[in-house]
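The lines below spell out each chain.
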Number of protein chains: 2
Amino acid sequence: MSESGALIGVGVGPGDPDLITLKGLAALKRAPVLAYPAPEEGESLARSIVAPHLEGLVKTEIPIRMPIVAARFPAREVYERAAGEIGAHLEAGRDVACICEGDPFFYGSFTFLFQRMAGRFPVRVIPGVSSLTACAASAGAPLAVRNDVLAVVPATLDEDALRARLKDVEAAAIIKVGRHLAKVRRVLDSLGLARHARYVEHATMRSERVLALSETDGAGAPYFSMVLVHRRGSAWQ
Amino acid sequence: MSESGALIGVGVGPGDPDLITLKGLAALKRAPVLAYPAPEEGESLARSIVAPHLEGLVKTEIPIRMPIVAARFPAREVYERAAGEIGAHLEAGRDVACICEGDPFFYGSFTFLFQRMAGRFPVRVIPGVSSLTACAASAGAPLAVRNDVLAVVPATLDEDALRARLKDVEAAAIIKVGRHLAKVRRVLDSLGLARHARYVEHATMRSERVLALSETDGAGAPYFSMVLVHRRGSAWQ
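Predicted model only: the values in this text are computed from it and were never measured. (Residues numbered from 1 in each chain as written. Chains lettered and ligands numbered in written order. Predicted model: local features only at pLDDT ≥ 70, side-chain atom pairs only at ≥ 80, totals over all residues. Heavy atoms only, no water.)

Draft legend 1. Up close: the overall build of chain A. Along the backbone of chain A there are seven helices and ten strands. Rg of the C-alpha trace for chain A: 19 Å, near the compact-globule value of 18 Å for 237 residues, within the 12% margin. With respect to the principal axes defined by its C-alpha atoms, chain A has extents near 65 × 40 × 30 Å. Taking all 237 residues of chain A together, the buried fraction comes to 56%. Contacts in chain A between residues at least 24 apart in sequence constitute 72% of all its contacts with a sequence separation of at least 6. Computed over 28 positive and 26 negative side-chain charges, the separation of the two mean positions in chain A equals 3 Å. (Helix = DSSP H or I, 4+ residues; strand = E, 2+ residues; numbered from the N terminus. Rg over C-alpha atoms; globule rule 2.2 N^0.38 Å. Buried < 20%, exposed > 50% of the residue type's maximum accessible area, 1.4 Å probe, protein only. Contact = heavy atoms within 4.5 Å. Lys, Arg positive; Asp, Glu negative; His and termini not counted. Charge placed at Lys NZ, Arg CZ, Asp CG, Glu CD.)

Put into structure tokens, the structure is as follows:
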């Protein structure tokens, strides 16, 4: 019996194609099959990040297309189908690299593939630069130092939960801001944390924007945006 | 007047030399001056991570040597002196790359240099793969998904503070474990979180070890070690 292939989750970093690691790039170039999350129609962000590195290489590609209205066509079915397709390649002895924005294990959809494949096939992960540290670099300020507790908090939580999770920490990264921007501003205002908060969207991409939270218009933000805050104003005071 | 050089904080990743980014490596190769944290005597970990990439290149090197007994010779003086030396190169128009383990803005000592140089000179940061995501990859389990709150908590906090900071989160990374391992075990035990906790030391290095927390001998751990825990046992349940 031939050996099965390996599923390799490759973190490609936050957006700048040169923020992929040497190890991640080598794995991408070597794997005959690439899988990646994609919208229902159109281009995959993860795929577009590595596009400059794949010119001239021929790969079998498996876009994992997620419908915008998830209820209409459950995400579970999308992943079951992708797991079947990827599994067939692995059984045939072909490695499959699954490209993930940022890091595969940091709020990544790779988890939903991982839970279906681990145990059945060899699975490994090559970590990547996460949006967390990329946003801090773009904002030009340290995230946390010394004994700081740093909380990563999804903006999708309801207002009371957000306030409870943010009230005691020294530093916080509020992720998945999107349409929750106005709520995030209210919560940080009520905690006295709004003054020093920085808003970062599309960190390290050409479309990157960095603003004081107070400069945002409150109307909304893209999914790939983050609010960074430090109770001391900065991490070194 | 000639233009001043730039200070570039380069995250070199957690330990595997191939986990540096293309961008970080290019910056290292280009800069005529390298600075890096180092122990009072002997080799710098950050410098050793990039050593395979620097063979044959001639650089001016500035080790920032931190005494083990900080009280004897304050850290402040060490950074003031390094800032002076680095500043002289920048004034002369030479770029200085400061090599940092992991990511410069994620609990990195680069902050202490940054606070002295930002505003006076051009400073930028190239983010790196942090120990946070590297440890998750080594442990083979997702850190956090969906609406999880993820707390990064230094083990240096006292026992009650540790307990308070960990009691409500879905996922936690307890960093700087070192001699605090027994305390961390007690706190996680008391919160019912110990069963699924994983201990990772020297992630992605040759000396990497991954254990269930219950398998650690409790005697202590190196500084570069982390305990990862998820309330649900795993991030996808």
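From this point on, the discussion continues.
Draft legend 2. Representation of the interface of chain A and chain B within the structure. Taken residue by residue, the interface counts 53 residues in chain A and 53 residues in chain B. Between chain A and chain B, the buried area comes to about 4300 Å², and carbon and sulfur atoms account for 67% of it. Among the residues of chain A in contact with chain B, A:Leu22, A:Phe105 and A:Arg165 are the three that bury the most area, contributing 15% of the side total. Along the contact surface separating chain A from chain B lie four salt bridges. Where B:Arg165 meets A:Glu170, a salt bridge forms, and the shortest distance between an N and an O atom there is 3.1 Å. Across the contact surface, chain A and chain B share 26 residue pairs in polar contact (both at pLDDT 80 or more). Those elements that place two or more of their residues in the side of chain A that touches chain B are α1 (22-30), α4 (110-117), β5 (123-126), α5 (131-139) and β6 (150-154) of chain A. (Buried area = accessible area lost by both parts, 1.4 Å probe. Salt bridge = Lys/Arg side-chain N within 4 Å of Asp/Glu carboxyl O. Polar contact = N/O pair within 3.5 Å; in protein donor to acceptor, adjacent residues only side chain to side chain.)

Draft legend 3. Seen up close, the nonpolar core. Within the largest apolar cluster, 84 residues are counted, with the highest numbers of intra-cluster contacts made by A:Ile86 and B:Ile86. If we ignore the near neighbours within four places in the chain, the residues touching B:Ile86 are B:Leu7, B:Ala35, B:Ile62, B:Ile64, B:Val96, B:Leu113 and B:Met117. Listed in part, the 48 residues of the second largest apolar core include A:Ile174, A:Ala197, B:Ala172 and B:Leu181. (Core = buried A, V, L, I, M, F, W, Y, C linked by side-chain atoms within 4.5 Å.)

Draft legend 4. Broad picture of the relation of the copies chain A and chain B. With an RMSD of 0.0 Å, the fit of chain A onto chain B corresponds to turning through 180° and sliding 0.0 Å along the axis. What the superposition gives is, in effect, a two-fold axis relating one chain to the other. Of the residues that chain A buries at the interface, 100% are likewise interface residues in chain B, meaning the two copies contact each other through the same surface. (Least-squares fit on C-alpha atoms with pLDDT ≥ 70 in both.)

Draft legend 5. Summary view of the domain arrangement of chain A. All names here are of chain A. Its domain assignment divides chain A into domain 1 (7-126) and domain 2 (131-230). For domain 1 and domain 2, the distance between their C-alpha centroids amounts to 27 Å. Taken together, the contact pairs eight residues of domain 1 with eleven residues of domain 2. Each partner contributes to the roughly 760 Å² buried at the junction of domain 1 and domain 2, and carbon and sulfur atoms together form 75% of this total. (Domains from an automatic or database assignment.)

Draft legend 6. The state of the cysteines, seen in detail. Residue and element names in this part refer to chain A. Taken as a whole and assessed by the stated rule, the structure comprises zero disulfides over all chains. Cysteine Cys98 shares no disulfide, and the gap to the nearest cysteine sulfur, in Cys100, comes to 4.3 Å. With relative accessibility at 2%, the residue Cys98 sits in the buried group. (Disulfide = S-S within 2.5 Å.)

Draft legend 7. Highlighting the side chain of A:Lys183. Residue and element names in this part refer to chain A. Mapped onto the elements of the fold, Lys183 is located in helix α7 (residues 181-190). Although Lys183 lies buried, it forms no salt bridge, and the closest oppositely charged side chain, Glu159, sits 6.9 Å away as judged by the N-O distance. Contacts of Lys183, omitting those with residues within four sequence positions, involve Ala155, Thr156, Leu157, Asp158, Glu159 and Leu162.

Draft legend 8. Quick peek at the sheet that holds strand β9 (residues 209-212) of chain A. Read from one edge of the open sheet, ten strands run β9(A)-β8(A)-β10(A)-β7(A)-β6(A)-β6(B)-β7(B)-β10(B)-β8(B)-β9(B), paired in mixed fashion. Each edge of the open sheet carries a strand with a single partner, namely β9 of chain A together with β9 (209-212) of chain B. In this sheet, neighbouring strand axes are inclined to one another by 15° on average, regardless of whether the strands run parallel or antiparallel. Bridge count between strand β7 (residues 171-175) of chain A and strand β10 (residues 225-230) of chain A: four bridges; the pairing is antiparallel. Counted as the bridge partner of A:Ala172 is A:Val229 from β10(A). Across the face of the sheet, helix α6 (residues 159-166) of chain A comes into contact with β6 and β7 of chain A while running at roughly 170° to β6(A). Contacts from helix α7 (residues 181-190) of chain B reach β7 (171-175), β8 (198-201) and β10 (225-230) of chain B, with the element oriented near 5° to β10(B). (Pairing = 2+ DSSP bridges. Axes fitted to C-alpha atoms, helices over the stretch in contact; angles between N-to-C directions.)

Draft legend 9. The confidence of the model for chain A, seen in detail. Summary statistics for chain A give a mean pLDDT of 93 and a share of 96% for residues scoring 70 or more. Here the prediction assigns the complex a pTM of 0.96, and the interface score ipTM is 0.95. (pLDDT = per-residue confidence, 0-100.)

Draft legend 10. Expanded view of the pairing of β6(A). Most of β6(A) is tucked away, with five of its five residues classed as buried. Here β6(A) shows two buried faces, one formed by A:Leu150, A:Val152 and A:Pro154 and the other by A:Ala151 and A:Val153. Relative to β7(A), β6(A) runs parallel, the two sharing five bridges. Bridging across to β7(A), A:Val153 finds its partner in A:Ile174. Crossover handedness for the path β6(A) to α6(A) to β7(A): right-handed. Where β6(A) lies against strand β6 (residues 150-154) of chain B, three bridges are found, and the strand directions are antiparallel. When the sheet's bridge partners are listed, A:Ala151 is paired in β6(B) with B:Ala151. (Right-handed = clockwise from strand over helix to strand, strands pointing away.)

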